[in-house]
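Tertiary structure, described
One letter stands for each residue in the lines below.
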Number of protein chains: 2
Amino acid sequence: MSRKPVLTVTLNPALDVTYDVDEFVLGQTHRPRSMSVRAGGKGVNVARVLAGLGESVVASGLAGGATGRSIVDHLEQAGIPASFTWIEGESRRTVVIAERDRATGIWETGPVVTAAEWATFLDGFPALISTASVVVLSGSVPPGLPADAYAPLVQAAAANGVQVILDAEGPALHHGLAANPTLVKPNADELADAVGTEVDTPERALAAAHRLRAERPTVVVASLGHQGLVAATCRRDYVVTPPIRVPGNATGAGDALVAALARGLARGTAWPDMLADAVGVSGGAVAAPVAGESRIDIARHITDRAIVRAIEHDADQGSQCDHASCRNS
Amino acid sequence: MSRKPVLTVTLNPALDVTYDVDEFVLGQTHRPRSMSVRAGGKGVNVARVLAGLGESVVASGLAGGATGRSIVDHLEQAGIPASFTWIEGESRRTVVIAERDRATGIWETGPVVTAAEWATFLDGFPALISTASVVVLSGSVPPGLPADAYAPLVQAAAANGVQVILDAEGPALHHGLAANPTLVKPNADELADAVGTEVDTPERALAAAHRLRAERPTVVVASLGHQGLVAATCRRDYVVTPPIRVPGNATGAGDALVAALARGLARGTAWPDMLADAVGVSGGAVAAPVAGESRIDIARHITDRAIVRAIEHDADQGSQCDHASCRNS
């Protein structure tokens, strides 16, 4: 089955380094038992999950220095084509010191992007999206870029008839949303922050999602951790509940959920199936040891047993439905 | 003044990364206030101190991967010519998380060196030393190499009439010493370990140094921290005491001491002056914030005021004196 790839955009990718130590003691020097290195950052994690699911994907964004080179090398070793715009600054690392029951982290800030580098990326973006089925914009906007950096990317995708998922928070979400992406994927905290209300139940999450999409047809999928997700689409709302609570490491679960949504949009999967798949792939990521991976067996178990409740909109809400994603409604 | 450069050999160089954090808390994630990166490893530190003193130096050894590339880039940015043999493995990093009064470290092991890579280095070594005044062999022998890896380097230098300083410990010191280098520079612990006696005073250090050089004319300079150093040369012993105890960071003080010895051997400086210089440059390194640097003002203050006590050998000890370094005796 040949299909256009999903294109992920990661403006501030990372090289994720984990040192395994038996006991981490402040003030002492440690020789790690083992270390692991992988390409990271939210969009890169999405790309790695998609590749793990056997989907066609291209990873793009901004990368620089020896660390940027390592990020691209790790992606290519994982069989993921990388098409990053090269910047002068050095891409960031995240360093985690992992004991058996505790993880201590150091997050580098990442490089400052110049206006000229950003212009180079924007110039090349139409060519990148011309080969894509869906564009995924994930993570924070790096230092040096305007808060609305995602807006022209959303607009360029729309102009080329390519669907866009935006997974961001704060001003990046606010400004990106204004450009009307196909879908945004806040988690409960990000959604609460965006609308200024508490989001502690699926019902409140749906109410907040409706406020977020009040003036545009963007689909809002809010991830609610072990409670599953809610989605506000053009014609219906959905509340999707997983059958089990998966123990493990929630880091990267949201990125796995986005990967499943991207796959669903690319395939034109109907919303109920797409959302059940998203809850499953996200749960499979909780069961996997590191971000960017999802246990397929666990994902399938959850997807097959997820409870999907559909709630019809009032008739007047449907009037905004002019969006490509509504083919799936 | 044109002079042949000192050649440093670092078989297991490192990229030294320091993250500055206000408070490092186990189990939490930290965004460092600042970070600094520099080329490290004992021989690289020697090269950086020599360059800081305005001396001509070439840094060599084994390097690999993106980290090896960064090490070489940092050296070249510091104006230090680098001539490393490239290996398949990735060079190591040291990571230090620095709070105001505490440093917590993670030392990567470094790559395994293959027999073919080592053969390539050995093949190229005569060409490297042909341009050198003094060769400095510093630090641990990396995984994959024989414990006596330094021996053929010492022999090659001797065959080319180039003086050699060996700064190593354990089996690397033992086997390297057997090849009769010009000078070895153990610290008190390394010397104690090598001869199996306690080394807690200058007198005991000299006794241990005599045991170490019992069967060969290698000069032994033992660094004793704030107590200064002792040296056992062909005709005399020396006890060199600094006039002040410098507060600061002793990491890299031994490398600075070796740098001064290399400069002294290269210039043919008489032992008393060379050893006073070594104590000064070492003290200047304690006053400098990071390894590989020495405060010249403090170094000069100490050197000018160091107390150098010479002790004549018995006549029969002088009979072993057939060594190039004894020009300086």
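Notes on the structure in this doc start here. (Residues numbered from 1 in each chain as written. Chains lettered and ligands numbered in written order. Predicted model: local features only at pLDDT ≥ 70, side-chain atom pairs only at ≥ 80, totals over all residues. Heavy atoms only, no water.)

Glancing now at the sheet that holds strand β12 (residues 219–223) of chain B. Residue and element names in this part refer to chain B. An order of β6-β5-β1-β9-β10-β11-β12-β13-β14-β15 is seen for the 10 strands of this open sheet, with the pairing classed as mixed. Strands with a single pairing partner mark the edges of an open sheet, and in this sheet they are β6 (82–87) and β15 (307–312). In terms of strand pairing, strand β5 (residues 57–64) meets β6 through 6 bridges, oriented parallel. The residue bridging Gly-61 from the neighbouring strand is Phe-84, located in β6. (Pairing = 2+ DSSP bridges. Helix = DSSP H or I, 4+ residues; strand = E, 2+ residues; numbered from the N terminus.)

This paragraph deals with the relation of the copies chain B and chain A. Rotating chain B by 180 degrees and moving it 0.0 Å along the rotation axis overlays it on chain A with an RMSD of 0.0 Å. The superposition operator between the copies reduces to a two-fold rotation axis. When C-alpha distances to the rotation axis are compared across chain B, the minimum falls at Ala-66 of chain B, with a value of 2.8 Å. Most of the interface of chain B is mirrored in chain A: 100% of its interface residues are interface residues there too. (Least-squares fit on C-alpha atoms with pLDDT ≥ 70 in both. Contact = heavy atoms within 4.5 Å.)

Another aspect to go through is helix α6 (residues 188–195) of chain A. Residue and element names in this part refer to chain A. When we look at burial in α6, the residues that qualify are Ala-188, Glu-190, Leu-191, Ala-192 and Val-195. Of the surrounding secondary structure, the elements contacted by the buried residues of α6 are β10 (163–167), α7 (202–212) and β12 (219–223). The backbone nitrogen of Asp-189 has a side-chain oxygen 3.1 Å away, supplied by the residue at the start of α6, namely Asn-187. (Buried < 20%, exposed > 50% of the residue type's maximum accessible area, 1.4 Å probe, protein only. Polar contact = N/O pair within 3.5 Å; in protein donor to acceptor, adjacent residues only side chain to side chain.)

Let's shift gears to the pairing of strand β8 (residues 103–107) of chain A. Bridging between strand β7 (residues 92–98) of chain A and β8 of chain A involves 5 bridges; their strand directions are antiparallel. In the sheet register, Val-95 of chain A faces β8 of chain A, and the bridge partner there is Ile-106 of chain A. In this structure, the hairpin formed by β7 of chain A and β8 of chain A is closed by a connection of 4 residues. Relative to strand β3 (residues 29–30) of chain B, β8 of chain A runs parallel, the two being bridged by 2 bridges.

A few words on the packing of helix α1 (residues 42–52) of chain A against helix α8 (residues 253–267) of chain A. Residue and element names in this part refer to chain A. Contact geometry for α1 and α8: axes closest at 8 Å, N-to-C directions at 60 degrees. The orientation of α1 relative to α8 falls into the category oblique. In this structure, α1 crosses over α8, and the sense of that crossing is right-handed. Residues Lys-42, Asn-45, Val-46, Val-49 and Leu-50 of α1 lie in contact with α8, whose contacting residues are Asp-255, Ala-256, Val-258, Ala-259, Ala-262 and Arg-263. Tallied by class, the residues present in the contact of α1 with α8 amount to 7 nonpolar, 1 polar and 3 charged. (Axes fitted to C-alpha atoms, helices over the stretch in contact; angles between N-to-C directions. Parallel < 35°, antiparallel > 145°, perpendicular 65-115°, else oblique. Left-handed = near helix turned anticlockwise from the far one by under 90°. Nonpolar A, V, L, I, M, F, W, Y, C, P; charged D, E, K, R; others polar.)

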